[in-house]
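Remarks on the overall topology
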Amino acid sequence: MKVMKFGGTSVGKPERMRQVSELITKDDEPTITVLSALSGTTNSLVEISTHLSQSDRVSAKASIDKLEAHYRKFVSELVNGEALQAKANSIVTEHFEFLNIILRISFSDALYKDILAQGELMSTKLFCVYLEEQGIDHLLLPALEFMSIDANEEPNLPAIKTKLNALLQHHSDKKLFITQGYICKNARGEVDNLKRGGSDYTASLIAAAAKASVCEIWTDIDGMHNNDPRIVDKTVAIEQLSFEEAAELAYFGAKILHPTCIWPAQQENVPVKLLNTMQPDAPGTTITKEAGSVGVKAVAAKDGIIAIKIKSSRMLLAYGFLRKVFEVFEKYKTSIDMVTTSEVAVSVTIDNDTFLNDIIRELEPFGTTEVDKNQTIISIVGNEIESTNDVMKRLFDAIEEIPVRMVSYGGSPHNVSLLVDGQYKTKTLQLLNKGLFGL
Ligand code: ADP
Ligand code: ASP
Ligand code: MG
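For clarity, every value in this text was computed on a predicted model and none was experimentally measured.

1. Regarding the site of ligand 2
The local shell around ligand 2 consists of Ser36, Thr42, Glu120, Tyr182, Arg196, Gly197, Gly198 and Ser199. Within the side chain of serine 36, an N or O atom sits 3.2 Å from an oxygen atom of ligand 2. Glycine 198 is positioned such that a nitrogen or oxygen atom in its backbone is 3.4 Å from an oxygen atom of ligand 2. Surface burial for ligand 2 is 85%, taken as the share of its 260 Å² of free accessible area covered by protein chains. Tallied by class, residues from the shell around ligand 2 come to one nonpolar, five polar and two charged.

2. Here's the deal with the site of ligand 1
Around ligand 1, the structure places 16 residues, and the nearest of them are Lys5, Thr219, Asp220, His225 and Lys255. Lysine 255 is positioned with one of its side-chain polar atoms (N or O) 2.8 Å from an oxygen atom of ligand 1. Look at ligand 1: alone it shows 570 Å² of surface, and the protein chains cover 86% of it. For the shell around ligand 1, the residue count by class is five nonpolar, six polar and five charged.

3. Remarks on the packing of aromatic side chains
Counted by the stated rule, this structure contains seven aromatic pairs. Ring geometry for phenylalanine 107 versus tyrosine 112: centroids 6.1 Å apart, planes at 50°, classification tilted. Phenylalanine 107 sits in the partly exposed class, given a relative accessible area of 30%. A ring pair is formed by tyrosine 251 and phenylalanine 252, whose centres lie 5.1 Å apart and whose planes are at 85°; its orientation type is edge-to-face. What makes tyrosine 251 partly exposed here is its relative accessible area of 25%. Taking the ring centre of tyrosine 251 as reference, the NZ or CZ of lysine 302 above it sits at 3.8 Å.

4. Digging into the nonpolar core
Formed by 95 residues in total, the largest nonpolar core has its most connected members in Phe6, Leu126, Phe146, Met224, Leu257 and Ile287. The element contributing the most residues to this core is helix α6 (residues 109-134), with twelve residues. Here isoleucine 287 is in contact with Leu241, Ser242, Phe243, Ala246, Leu257, Ile262, Pro271, Val272 and Leu274, once residues within four sequence places are set aside.

Quick notes on the rules
Throughout, a residue's number is its position along its own chain's written sequence, starting from 1. Labels are handed out in written order, letters beginning with A for the chains and numbers beginning with 1 for the ligands. Side-chain atom pairs in this predicted model are given and counted only at pLDDT of 80 or more, local residue features only at pLDDT of at least 70, and totals for whole chains, interfaces and linings cover all residues. To obtain the side-chain values, all non-hydrogen atoms of the structure were included, while hydrogens and water were left out. Whether a residue is near a molecule or strand depends on its heavy atoms: it is near if one of them lies within 4 Å of it. Throughout this description, a polar contact denotes any pair of N or O atoms lying within 3.5 Å of each other; where both atoms belong to protein, one of them has to be capable of donating a hydrogen while the other can accept it, and for residues adjacent in sequence the pair is counted only when both atoms sit in side chains. In short, Shrake-Rupley with a 1.4 Å probe defines the accessible areas, and a residue's cover is counted only from the protein chains shown. Residues are sorted three ways: Asp, Glu, Lys and Arg are charged, Ala, Val, Leu, Ile, Met, Phe, Trp, Tyr, Cys and Pro are nonpolar, and all the rest, Gly among them, are polar. Whether two aromatic rings pair depends on their centres lying within 6.5 Å, for rings of Phe, Tyr and Trp, where Trp uses its six-membered ring; planes under 30 degrees apart make the pair stacked, over 60 edge-to-face, and the rest tilted. Any residue under 20% of the maximum accessible area for its type is buried, any over 50% is exposed, and the rest in between are partly exposed; the area is computed with a 1.4 Å probe on protein chains only. The rule is short: NZ of Lys or CZ of Arg within 6 Å of the ring centre and within 35 degrees of the ring normal puts a charge over the ring. Put simply, buried Ala, Val, Leu, Ile, Met, Phe, Trp, Tyr and Cys residues joined by side-chain atoms within 4.5 Å make one nonpolar core. The way it works is that DSSP assigns letters per residue, a run of H or I at least four long becomes a helix, a run of E at least two long becomes a strand, and they are numbered from the N terminus. Residues count as neighbours in contact if any of their non-hydrogen atoms are within 4.5 Å of one another.

Structure (C-alpha cells):
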C-alpha cells in the first residue's frame with residue numbers, strides 16, 4: 001500500500017485533477033490518495049467564518065456566493081457527460097446549501113470546524129466523479145470514519161489504525177482509495193481538523209496506520225529547499241533528509257510540511273517523499289532514517305514568536321526554579337520552543353499568546369519579566385552540525401550585521417536556532433543563503 005497526498009494547488013484546477021488521476025494510476029500498487037481542498041478554499045471558508053463570527057451576514061453571503069461560482073465553473077470544466085455533471089453539481093449544491101443554512105444559525109466553535117471541513121469534502125467527492133467518468137475503479141473512504149484526535153487534540157494513532165485497517169480489510173477487493181486530508185473527529189465526536197496544512201499530517205498518519213511502503217507528498221515545488229523560496233531568490237532542492245532534520249525544518253517554519261507531520265511516518269519507518277505534481281519526474285526530497293550526508297542542509301524561519309525573560313538574582317541558582325517556571329507554561333498548555341539561561345535570567349520563547357497575560361501574571365512572583373513580541377526563530381538544520389567545525393563561525397560571520405536576541409545550540413545535533421526581531425527575518429535568511437550555501 002502506498003499513500004499519495006496532493007495539496008491545494010495540485011487539485012486546484014480541473015487539468016491538475018486530471019494529472020492527479022494519471023499519477024495515482026501509474027503503477028499497480030494499492031494506493032490511498034489523500035486530497036486537500038482546492039487551493040484558496042480553506043482561506044475562503046475562514047473568511048466566511050470570520051464574517052459570521054462578527055455577525056456580518058451580508059459579507060458572509062457575498063463570500064459564499066463567490067466561492068460557489070468558482071465551484072460551478074470548476075465542475076463545468078472537470079466533467080463532460082451530462083449525467084455526471086449533474087451529479088457533480090448536486091454535490092456542490094449540497095455543500096453550499098449547508099453554508100447558506102448556517103447564515104441563519106448562531107456561530108460557534110463547533111460550527112466553525114464544520115465550515116472548514118467543506119473544502120476537503122467537496123474536493124474528494126468531485127474528484128471521485130471525475131474518476132467515475134474516466135471509468136477508474138475507486139472507493140471514497142470518509143476520513144470522518146477513521147481519523148480522530150483525543151481530548152488533547154492529538155491524533156489518536158492506535159484508534160486510527162484499528163478503524164482504518166478494518167475499513168481496508170472490508171474493501172480488500174479495491175485498489176484505489178480516496179480520502180480527505182485535514183478533517184477528523186474530536187474526542188466529543190464532532191467534526192474537527194488537524195490545523196492548517198493538516199493534510200500532510202493525515203497522509204503521514206495513514207501511512208503509519210497502514211504501514212505503507214511510502215508516503216508521497218505531492219505539491220507545487222520539487223522538494224524541500226535549502227531556504228524559503230518565497231523569500232530568498234536562489235534556493236535548491238535537498239535530495240535527502242533524515243526524519244529528525246525534516247521534523248526540525250517543518251516545525252521551525254518550512255511551510256512545505258505541516259509542523260508535526262513527520263512523527264507518524266517516522267514511528268513506522270515509512271519513507272516520506274516530497275514531489276512536484278507539475279514536474280513529476282524531478283527526484284524531489286526523500287526523508288528516511290538516514291541523513292545521507294553531514295553538514296548544514298537548510299534554514300527556515302518561524303514568525304510570530306514571543307520571547308519572555310524572567311530576571312531573578314535571588315532565585316535563579318536555586319534548584320527547582322526552572323521547574324516552577326516551566327510548570328506555569330505547562331498549566332496553560334503553552335509549549336516552549338527555545339530556552340537560554342544566564343546567572344541572573346532565563347529567556348524562553350513561545351508561539352502562542354492565548355494565555356500570555358495569565359502566564360506573565362503567574363511568573364511575576366519569580367522575578368521581573370520582560371516580553372518581546374514579533375520575534376522570529378531562524379533555524380539552521382543539518383546532520384551532525386555540532387561536529388562540523390566551522391559552522392558557527394560561518395554562521396555568525398554571515399549575519400554580522402544582525403542583532404541576535406537568543407541562540408540555542410547543542411540541544412540536538414541537527415539544529416542551531418537564533419532569535420531575531422521579525423524585521424530582520426528576510427535579511428537574515430538572505431545573508432545565511434550566501435554565507436552557508438554560497439548561493
Ligand atoms: P500544498 O498546498 O501542496 O500543501 P503548501 O503551500 O502547503 O503546498 O507548501 C508548498 C509551498 O511551501 C511552496 O510553494 C513554497 O513556497 C513553500 N515553502 C516554504 N519553505 C519551503 C522550503 N524550505 N522548501 C520548499 N518549499 C517551501
Ligand atoms: N485545506 C487545509 C488548509 O488549507 C489543509 C491542507 O491543505 O493541508 O490548511
Ligand atoms: Mg500544505
